[in-house]
Amino acid sequence: MTRIGALGARIGALGARLGVDSRASGAWALYDWANSAFATTVVAAVFPVYYESVIGAGLSGNLASVYFGYTTAVGLALVALASPVLGTLADRYRAKKRFLAGFVALGVVSTAGLFLAGEGAVLYASALFVLANMGFVGANVFYDSLLSHVASDADKLSTAGFAVGYLGGGILLVGNLAWILSPATFGFADADVATRAALLSVAVWWAVFSLPLFAYVDEPPADTTDGATAPESERSSPVVTAVRRLRTTAADMREYPDLLLFLGAFLLYADGIGTIIRMASIYGSEIGIGRTGIVGALVLVQFLGVPFAFLFGSLPGRRIGLAAGGIALTTKRAIYLGLAVYVGISVGGFFMTKTWHFWALAVAVATVQGGTQALSRSLYAALSPPDKSAEFFSFFSISSKLAGVVGPALFAFVGQLTGSSRYSIVSLLVFFLGGAALLSRVDVDAGRRAVRDGPAPATADPDAGSRPAEGGS
């Protein structure tokens, strides 16, 4: 008993260091374990390949990739348009868990329905994929809104959720890969049946591991702002409130020009990153990479991504190169490094023909994917005034969803125009190069001064057009 008690104490201490210091915070983090299965198996790895090779097998040329790109864009657009209103509802009403449950149910049922999608069921599968995406992202709006109510240290608990999600999604993906590689071993007739079972397993996983959140996280009180406590007849509609909040936040952000420039840069290159995540599998399938090769590479990304995210995140402050002590890496320069790798991935993707090419590019993605996005988030936080951080990050989230529609739509349009998704991959250079160009105009030191001392009063600035190329970070 003494040993068991000591082990329990150590586990409790470790949990506390990670921000998981209560039953409610543990249940909250476990939801990341639940829904990350959808992000890995359905969005990134298994379903895109099944869509191209089975569901869209009767489509000519690269039409399966084109349709999948448009389907992804439509789902993201619907979620992006709804997100501000959903956020207002999450803040206003004492019903966060009910809204969360509704969207989880939408996602789970739609994902389970993909089990029935066979060859030729393009419209059926596309419609369910749109609905499942809406359930996934819509649920996250309300899930995220619970964080501050369950966390003693929001940064630590958020990171713990991210890590748990990576692990949970990776574990199920490994199991799904085993089914697909050796279907007979697990009692499946063939790889197609195993794939459909994998999609069904995501729905079960998502539903089961969501239950602790509903059991142990209490419903937080309603927001008292925006007339939330006024009689229903006197409240403005959620749509009006959402638009008013966005307008107010946009006006506030204009006082921080370097933050606005960075947001523009981030929206560009993050759209490119998101498009690669969502379209890589179906592109690989289109050009002849086998299903097991694709899913295996994405399993590799899932597990390499965690250590490389920490490694890449440690780059700021280090020096690279040999001449005169090397070049000091700032956060901004580290992001440049990540974008340079993504430029190489886009160009390399155009010439990819063999499975090992896909694996090599997957490793390249793993080295920079998590780190680039983590450093971007930390730089955005550094350029945001602390008293407006929640407001500005809400704008950041909504803007990201809106901008994220463009990449898959461009991928589909270029593929439809040229008849080959190779040109679609290369078209993503516009996001990485455009993002890098905007990033070069961000003066990080000036942005941090504005946060520390308050925004400078509006004055005529004859040098406004000549911003430093780097700026400290």
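What counts, and at which threshold
- Residues numbered from 1 in each chain as written.
- Predicted model: local features only at pLDDT ≥ 70, side-chain atom pairs only at ≥ 80, totals over all residues.
- Heavy atoms only, no water.
- Helix = DSSP H or I, 4+ residues; strand = E, 2+ residues; numbered from the N terminus.
- Buried < 20%, exposed > 50% of the residue type's maximum accessible area, 1.4 Å probe, protein only.
- Contact = heavy atoms within 4.5 Å.
- Areas by Shrake-Rupley, 256 points an atom, 1.4 Å probe, with all protein chains shown as cover.
- pLDDT = per-residue confidence, 0-100.
- Core = buried A, V, L, I, M, F, W, Y, C linked by side-chain atoms within 4.5 Å.
- Salt bridge = Lys/Arg side-chain N within 4 Å of Asp/Glu carboxyl O.
- Axes fitted to C-alpha atoms, helices over the stretch in contact; angles between N-to-C directions.
- Left-handed = near helix turned anticlockwise from the far one by under 90°.
- Nonpolar A, V, L, I, M, F, W, Y, C, P; charged D, E, K, R; others polar.

Here the focus is the overall build of the protein chain. Per the secondary structure count, the protein chain includes 18 helices and two strands. Across the 473 residues that make up the protein chain, the buried fraction comes to 49%. Long-range contacts, defined here as pairs at least 24 residues apart, represent 82% of the contacts in the protein chain between residues at least 6 apart. Counting only carbon and sulfur atoms, one obtains 66% of the accessible surface of the protein chain, whose full area is about 20500 Å².

Further remarks concern the confidence of the model for the protein chain. Per-residue confidence for the protein chain averages 83 on the pLDDT scale, and 84% of its residues sit at or above 70. Within the model, the stretch residues 227–231 combines pLDDT values under 50 with six contacts to residues more than four positions away or in other chains. In the predicted structure, residues 459–470 sits below a pLDDT of 50 and forms 20 contacts with residues beyond four places in sequence or in another chain.

Trp-28, Tyr-31, Phe-47, Leu-100, Phe-262, Tyr-269 and Tyr-380 are the most contacted members of the largest nonpolar core, which has 117 residues in total. The residues touching Tyr-380, leaving out its near neighbours within four places in the chain, are Met-253, Leu-259, Phe-262, Leu-263, Phe-392, Phe-393 and Phe-396.

Moving on, we come to the pattern of salt bridges. Applying the stated criterion to the full structure yields two salt bridges. Put simply, Asp-192 and Arg-291 hold a salt bridge, and the shortest N to O gap is 2.9 Å. Note that Asp-192 is positioned in helix α8 (residues 191–216) and Arg-291 in helix α11 (residues 291–313), a separation of 99 residues in sequence. The class of Asp-192 is partly exposed, set by a relative accessible area of 29%. The partner of Asp-453 in a salt bridge is Arg-452, with the nearest N and O atoms 3.2 Å apart. Neither residue differs from the other here; Asp-453 and Arg-452 are each classed as exposed.

The next thing to look at is the packing of helix α10 (residues 257–286) against helix α12 (residues 331–351). Running from N to C, α10 and α12 point in directions that differ by 35°, and their axes come no closer than 12 Å. Note that α10 runs across α12; the crossing there is left-handed. Taken together, the residues of α12 that come into contact with α10 (itself represented by Phe-262, Tyr-269, Ile-273, Ile-276 and Tyr-283) are Ile-335, Leu-339, Tyr-342, Ile-345, Ser-346, Gly-349 and Phe-350. Residue composition of the contact of α10 with α12, grouped by class: ten nonpolar, two polar and no charged.

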